[in-house]
Amino acid sequence: MSTVTTMRHHPVAIVGAGLGGLTLARVLSAHGVEAAVFDLDASPAARTQGGMLDIHEDTGQRALRAAGLHEEFRALVLPGGEAVRVLDRDAVVRHAEADDGTGGRPEVDRGALRDLLLGSLRGGTVRWGAKVTGARALGGGRHEVALADGTAFTTDLLVGADGAWSRIRPLLSAARPAYTGVSFVEADLPEADARHPVSAEVVGGGLLFALGPGRGFLAHREPDGSLHVYAALRVAEDWVDGVDFTDVEAAKAYVLEHFTGWDKSLRALIADAPGPLTPRLIHALPVGHRWERVPGVTLLGDAAHLMSPFAGEGANLAMLDGAELGRALVAHPGERETALAAYEEGLFPRSAAAADASAANGTALFAEDAPQAVVDLFTAHP
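All of these numbers come straight from a predicted model, not from anything done at the bench. (Residues numbered from 1 in each chain as written. Predicted model: local features only at pLDDT ≥ 70, side-chain atom pairs only at ≥ 80, totals over all residues. Heavy atoms only, no water.)

A.B. asks: Requested: an account of the pattern of salt bridges, with residues and values cited.
C.D. replies: In total, this model carries 16 salt bridges according to the counting rule given. Here D88 ties to R94 by a salt bridge, and the two come within 3.8 Å at their closest N and O atoms. Its relative accessible area of 12% is what places D88 among the buried residues. E144 is the partner of R136 in a salt bridge, and the nearest nitrogen-oxygen pair spans 3.2 Å. Taking relative accessible area as the criterion, E144 reaches 18% and is therefore assigned buried. (Salt bridge = Lys/Arg side-chain N within 4 Å of Asp/Glu carboxyl O. Buried < 20%, exposed > 50% of the residue type's maximum accessible area, 1.4 Å probe, protein only.)

Pasting the structure below:
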């Protein structure tokens, strides 16, 4: 006797439970439309979510208002987090701005913001441990999505919110992220005021840029009193293969070779880090990445417009993408393709402008006259 297995069907399926995918799910849910979200992590706590985010008034905060979560978001803001210091390699302050509480880019912890979005959804909305391995069109705008556990599901609307190496993007575009020429090495300095007072002083209460030609330190203060540090370098893509990053002391020496002659207080941001150093290669999709309308599928966030982090727009745009896609779907009930076309009409120019700014800022950060180009950026846009 044969057994017939019925494949699960979801009218709306979102691949990726990052900030953009969750914002979309929240906006839809608030209007009575339930979506299924699939994420490869085993649980919400499977990995740390990264450092601080500055949430912009016209993008990320706009999205949170659309999601009905702006007031709850304000409670997560780090007081003083919008302060900025720009230093040169001798630790001379070239530009400084205080956080007077009136700015439009407050700092919040990425993990806390994700928890806020998760907590706003009905239990079971996110399917954890659901790693997507591929997807294929079935015709009529429907798609079948395969999971690593051997199961699959079908959907009428498939949204790729699954980041830089999206498994959904190939349905729409052959583009792949390319190395930007910049690599980060991340480190943390816990209990900075007590254990690392020199580093705490040089970073200040918010964000630090300490820059020279082709390299620099970017750092910010976390709500728990730690400092999150990035050593940034213009290096070849295979530079990270030159040392075993599990050997902390060897990795520190390898990174600090690029900062010979820099002020001791800046070198200490890496030299005094007690834990592991994590290398991260910075990739980006082509500026202006877009695709022709394909029935029943679209992208948001890094899956649609991965860019370097130098305009602080990645998370903000992902949330705005999610909110705008949700609003378009709600505004055109039963007219999926009209909604997707309207969403993409706004998505493409918005993301192209941000990606262009990110690339330009990356050039300025590590220019031959660094940090002067960055000082000029701040003074031109007070």
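A.B. asks: Account for the layout of surface pockets, with residues named and values stated.
C.D. replies: Roughly 170 Å³ of internal volume is contained in the second largest pocket. A per-class count over the lining of the second largest pocket returns 7 nonpolar, 2 polar and 2 charged. (1 Å grid on protein atoms, 1.4 Å probe; cavity = no way out; pocket = protein on both sides within 12 Å on 5 of 7 lines; lining within 4 Å. Points joined across faces, edges and corners; volume = space filled by probe spheres on them. Nonpolar A, V, L, I, M, F, W, Y, C, P; charged D, E, K, R; others polar.)

A.B. asks: How would you sum up the sheet that holds strand β5 (residues 93-97)? Please name residues and give values.
C.D. replies: Strand order in this open sheet of 7 strands is β5-β4-β12-β13-β14-β11-β15, and the pairing throughout is mixed. Every other strand in the sheet has two partners, leaving β5 and β15 (278-284) as the edge strands with one partner each. On average, each strand axis in the sheet is inclined to that of its neighbour by 20°, with strand direction left out of account. As defined by bridge partners, strand β11 (residues 178-189) adjoins strand β14 (residues 227-234) across 8 bridges and the pair is classed as antiparallel. (Pairing = 2+ DSSP bridges. Helix = DSSP H or I, 4+ residues; strand = E, 2+ residues; numbered from the N terminus. Axes fitted to C-alpha atoms, helices over the stretch in contact; angles between N-to-C directions.)

A.B. asks: How would you sum up the nonpolar core? Please name residues and give values.
C.D. replies: Grouped together as the largest cluster of nonpolar side chains are 58 residues, with contacts concentrated most on I14, I55, F73, L113 and L325. Apart from the residues within four sequence positions on either side, I14 is in contact with G21, L24, A25, A35, A36, V37, F38, V159 and A161. Of all hydrophobic cores here, the second largest spans 34 residues; its members include L189, F245, I270 and L277. (Core = buried A, V, L, I, M, F, W, Y, C linked by side-chain atoms within 4.5 Å. Contact = heavy atoms within 4.5 Å.)

A.B. asks: I'd love a proper account of the packing of helix α1 (residues 19-30) against helix α4 (residues 110-119), names of residues and values included.
C.D. replies: Contact geometry of α1 with α4 gives a least axis separation of 9 Å together with a crossing angle of 25°. In this view, α1 runs roughly parallel relative to α4, as classed from their interaxial angle. In the packing of α1 onto α4, the handedness of the crossing is left-handed. Each of L19, L22 and T23 in α1 lies in contact with α4, whose residues at this interface are R110, L113, R114, L117 and L118. (Parallel < 35°, antiparallel > 145°, perpendicular 65-115°, else oblique. Left-handed = near helix turned anticlockwise from the far one by under 90°.)

A.B. asks: Please set out empty space enclosed by the protein residue by residue, giving values where relevant.
C.D. replies: Following the criterion strictly, the structure yields 1 cavity of 30 Å³ or more and no others. In this structure, the largest cavity occupies an estimated 50 Å³ of space. What lines the largest cavity is L285, P286, V287, G288, H289, H305, L306, F348, S351, A352 and A355. Within the lining of the largest cavity, the residues separate by chemical class into 7 nonpolar, 4 polar and no charged.

A.B. asks: Any details on the packing of aromatic side chains? Residues and values, ideally.
C.D. replies: By the definition in use, this model includes 11 aromatic pairs. A ring pair is formed by F217 and W262, whose centres lie 5.8 Å apart and whose planes are at 85°; its orientation type is edge-to-face. One end of the pair, F217, is in strand β13 (residues 215-221); the other, W262, is in the loop between α7 (248-256) and α8 (264-271), with 45 residues separating them in the sequence. One aromatic cluster is present, built from ring pairs that chain together F184, Y230, F310 and F366. (Phe/Tyr/Trp six-rings, centres within 6.5 Å; stacked < 30°, edge-to-face > 60°.)

A.B. asks: Tell me what's going on with unusual backbone geometry, and back it up with residues and numbers.
C.D. replies: Residue P371 is bonded to the preceding A370 through a cis peptide linkage, with omega at 10°. Relative to the helices and strands, P371 resides in the loop between α11 (336-365) and α12 (372-380). Despite not being glycine, A91 shows a phi value in the positive range, around 65°. Assignment of secondary structure puts A91 in the loop between β4 (84-87) and β5. Notably, E191 is not glycine yet its phi reads approximately 45°, a positive angle. Of note, E191 is situated in the loop between β11 and α5 (192-195).

A.B. asks: Residues and numbers for the side chain of S226, please.
C.D. replies: Relative to the elements of secondary structure, S226 occurs in the loop between β13 and β14. Overall, the relative accessible area of 8% leaves S226 in the buried class. At a separation of 2.6 Å, a polar atom in the side chain of S226 contacts the side chain of D224. (Polar contact = N/O pair within 3.5 Å; in protein donor to acceptor, adjacent residues only side chain to side chain.)

A.B. asks: A description of the environment of R215 should follow, citing residues and the corresponding values.
C.D. replies: Checked against the element boundaries, R215 lands in strand β13. Given a relative accessible area of 27%, R215 falls into the partly exposed group. With 63 residues separating them in the primary sequence, R215 and A152 have C-alpha atoms 46 Å apart. Beyond its immediate stretch of four places on either side in the chain, R215 contacts A232, L233, H258, F259, W262 and F366.

A.B. asks: Any chance you could break down the pairing of strand β12 (residues 207-212) for me, citing the residues and the numbers?
C.D. replies: Where burial is concerned, most of β12 is hidden: 5 out of the 6 residues are buried. Judged from the 4 bridges that link them, β4 and β12 form a sheet pairing that is parallel. The partner of R85 across the bridge, within β12, is L208. The sheet contact formed by β12 and β13 spans 6 bridges and is antiparallel. In the sheet register, L208 faces β13, and the bridge partner there is A219. Between the antiparallel neighbours β12 and β13 lie 2 residues, among them G214 with a positive phi of about 75°.

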